[in-house]
Amino acid sequence: MISFKSFIYAIHDAIMKANDSFMDKHTGFLDKYFEDIPSDDEVKYSSDSDKDDKKNFGSGYLRPKSVVVQYPYQTEKGVEFTEVHVPLITLVPFSMAQIEKARIWAQFEMEIVNDELQLNFIDRKSSGLGKKSKTSRGTLEVTFAPQESSEGLKQLIEGYEKALKRQIPS
């Protein structure tokens, strides 16, 4: 037997851990679309205070992973090409998911023991042998829903998209 309260806590904990797993996957985009800048020599600080901030907070710097594309454009001489640095983060749509709803169905008996509701999950009969198995019947339905990107992520991507557009001749 398991207390009803413990059962609900266990289900809630499992769902929250699954949702946290999604969040970890979402933040994994940093590794996929950005790379560490290995030394201070490669960082261009906008001010001495920015350099001090890095030392004080111990934060690293990331730069977007990018590809260089030969972009064609029309000139008086004909078609010419220019190099355009394209951050990979601007090339993919970002959609995130979260657990929206979870439904659980199980067969159990209820009993009050020491003023606490207890659940006893009913064993099912194994196929034709008449022996009880150690497992109980149940179903789990989990509904995933899209999650809106954070405002910070949207602005970051929009900034790289604007930088990309400025490289393309009109």
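Right above here is the structure, for reference.
Residues numbered from 1 in each chain as written. Predicted model: local features only at pLDDT ≥ 70, side-chain atom pairs only at ≥ 80, totals over all residues. Heavy atoms only, no water.

A. Highlighting helix α1 (residues 4-27). In a regular helix each residue adds 1.5 Å, so 24 residues correspond to 34 Å; α1 covers 35 Å between its end C-alpha atoms and thus fits that length. Listed as buried for α1 are Phe-7, Asn-19 and His-26. (Helix = DSSP H or I, 4+ residues; strand = E, 2+ residues; numbered from the N terminus. Expected span 1.5 Å × (residues − 1). Buried < 20%, exposed > 50% of the residue type's maximum accessible area, 1.4 Å probe, protein only.)

B. How the structure looks around the pattern of salt bridges. The full count for this structure, using the stated rule, is two salt bridges. Put simply, Asp-13 and Lys-17 hold a salt bridge, and the shortest N to O gap is 3.3 Å. Pair noted here: Asp-13 and Lys-17 are both in helix α1, with a separation of four residues, about one helical turn. In this structure Asp-13 comes out as partly exposed when scored by relative accessible area, which is 37%. Of the residues examined, Lys-17 reaches a relative accessible area of 55% and is grouped as exposed. Where Arg-63 meets Glu-35, a salt bridge forms, and the shortest distance between an N and an O atom there is 3.1 Å. Pair noted here: Arg-63 is in strand β3 (residues 62-64) and Glu-35 is in strand β2 (residues 34-36), with a separation of 28 residues, a long-range link. In this structure Arg-63 comes out as partly exposed when scored by relative accessible area, which is 30%. Classification of Glu-35 by relative accessible area gives partly exposed; the value is 33%. (Salt bridge = Lys/Arg side-chain N within 4 Å of Asp/Glu carboxyl O.)

C. How the structure looks around a nonpolar patch on the surface. A cluster of nonpolar side chains, contributed by Val-67, Val-69, Leu-91 and Val-92, occupies part of the molecular surface with about 280 Å² of accessible area. Inspection of the secondary structure assignment puts Val-69 in strand β4 (residues 66-75). (Patch = residues over 30% accessible without salt bridge, like charges linked within 9 Å, V, L, I, M, F, W, Y side chains within 5 Å. Areas by Shrake-Rupley, 256 points an atom, 1.4 Å probe, with all protein chains shown as cover.)

D. Main features of unusual backbone geometry. One non-glycine residue with positive phi stands out, namely Asn-114, at about 50 degrees. Within the secondary structure layout, Asn-114 lies in the loop between β7 (108-113) and β8 (116-121). Positioned with a positive phi, Asp-115 is a non-glycine residue whose angle comes to about 60 degrees. Residue position: Asp-115 is located in the loop between β7 and β8. Residue classification places Asp-115 among the exposed residues on the basis of a relative accessible area of 79%.

Nothing here speaks to function; it is geometry throughout.
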